[in-house]
Amino acid sequence: MSIESAPGENWWTRIAHPGQFVAWSRRLVLPLSIATVLLFALGLWFAFFNSPPDYQMGDTVRIMYVHVPTAWLSQFVYGVMAVSAIGTLVWRHPMADVSMKAAAPLGATFTALALYTGALWGRPTWGTFWEWDGRMTSTLVLLLIYLGIIALWRAFDDQLRAARIVAIFTLVGAVNIPIIKFSVDWWATLHQPASVFRLDGPTMPPSILTPLFIMVFAFTFLFLVLHLIGMHTEVRRRRVASLERRLAQKGAA
Amino acid sequence: MIDLGPHAVFIVCAYLGVAAAIAALIGWRLVEARRVSARLAELEAGTPRKGTPT
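Residues numbered from 1 in each chain as written. Chains lettered and ligands numbered in written order. Predicted model: local features only at pLDDT ≥ 70, side-chain atom pairs only at ≥ 80, totals over all residues.

### Quick word on the interface of chain A and chain B
Residue-level contacts link 35 residues of chain A with 28 residues of chain B. Mapped by element, the contributors of at least two residues to the side of chain A that touches chain B are helix H2 (18–49), helix H3 (64–91), helix H4 (94–126) and helix H8 (206–252) of chain A. Tallying contributions element by element places H8(A) first for the side of chain A that touches chain B, with 15 residues. Residues of the side of chain A that touches chain B, tallied by class, amount to 18 nonpolar, 10 polar and 7 charged. (Contact = placed C-beta atoms within 7 Å. Helix = DSSP H or I, 4+ residues; strand = E, 2+ residues; numbered from the N terminus. Nonpolar A, V, L, I, M, F, W, Y, C, P; charged D, E, K, R; others polar.)

### Some points on helix H1 (residues 8–44) of chain B
Between its first and last C-alpha atoms H1(B) spans 54 Å; for 37 residues at 1.5 Å apiece the expected length is 54 Å, and the two agree. Restricting attention to buried positions, one finds in H1(B) the residues B:Phe10, B:Ile11, B:Ala14, B:Val18, B:Arg29 and B:Leu40. Looking at the packing, one finds that the buried side of H1(B) touches H3, H4 and H8 of chain A. A positive backbone phi angle near 75° is found at B:Gly46, which sits one or two residues after H1(B). (Expected span 1.5 Å × (residues − 1). Buried ≥ 20, exposed ≤ 12 C-beta atoms within 10 Å, placed from the backbone.)

### Examining the UniProt feature "domain: Cytochrome c assembly protein" (unreviewed entry) in chain A
Feature annotation in UniProt assigns "domain: Cytochrome c assembly protein" (unreviewed entry) to the following positions: residues 28–191 of chain A. Between the C-alpha atoms that bound residues 28–191 of chain A the distance is 38 Å, and the span itself is 80% helix and 0% strand. (UniProt positions renumbered as here; feature names shortened; annotations may be inferred.)

Laid out in structure tokens, this is it:
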């Protein structure tokens, strides 16, 4: 029996059983990849050819179409990891461990990209690449938390034990997410306050909001594709480790 | 190519940096997937690589 042909009947088994999960979710990878490519093509066309320069920032506003989606993902991916951590600690859900582990490098990359694009946007608009203010510092702390989580996963041979420790660390680190979100309200900062999701509506015109939303969806779909592929690989890696252990035991006997 | 104004270098560097990082991420995920799948197929077929215990 291969890893993708293990038995499973109900929906819970289909989600919780690693082999079943790989079997049904691998069919999602191609359609999601096509949707991602189309969204990026449309988003980039809007970003460069069908959106106006900002009246104050000029063309540097186009950096927003990669900065905001990466910043959004830096927090969304952490949210996915925090929900998975609850799955690990409360239900001992086998796929929750796998989801946490596969998401961490993606979250770290998107956070690094948010800092990188923010610095490149900051220099022409604020006159500086970096400022130790609330938003930037808390995002840097998020990157360090991601790197800590990746290091923790690598520190353990026993991935089941690692999962529980990483889950606790992830939930403790989740306190940083509201700090990032509200940092622009709590402290004096160069960073602009929320300008899309506000009670009184977005402060941007539709000509700028349209490419922004398309790029946010494109990046989110990209994350979903890479996360699924990463989860499939992690399931197979665990199967490899288990088969290798079995072979080693046979060799020792 | 559209005119990106006096700060074109910042815009181009931002997009190139993001494109390079995404390309690296996709490449890494695909190479890793292929490597692990090949090893699993090898073990499930019962033909372990040279040097692995049998």
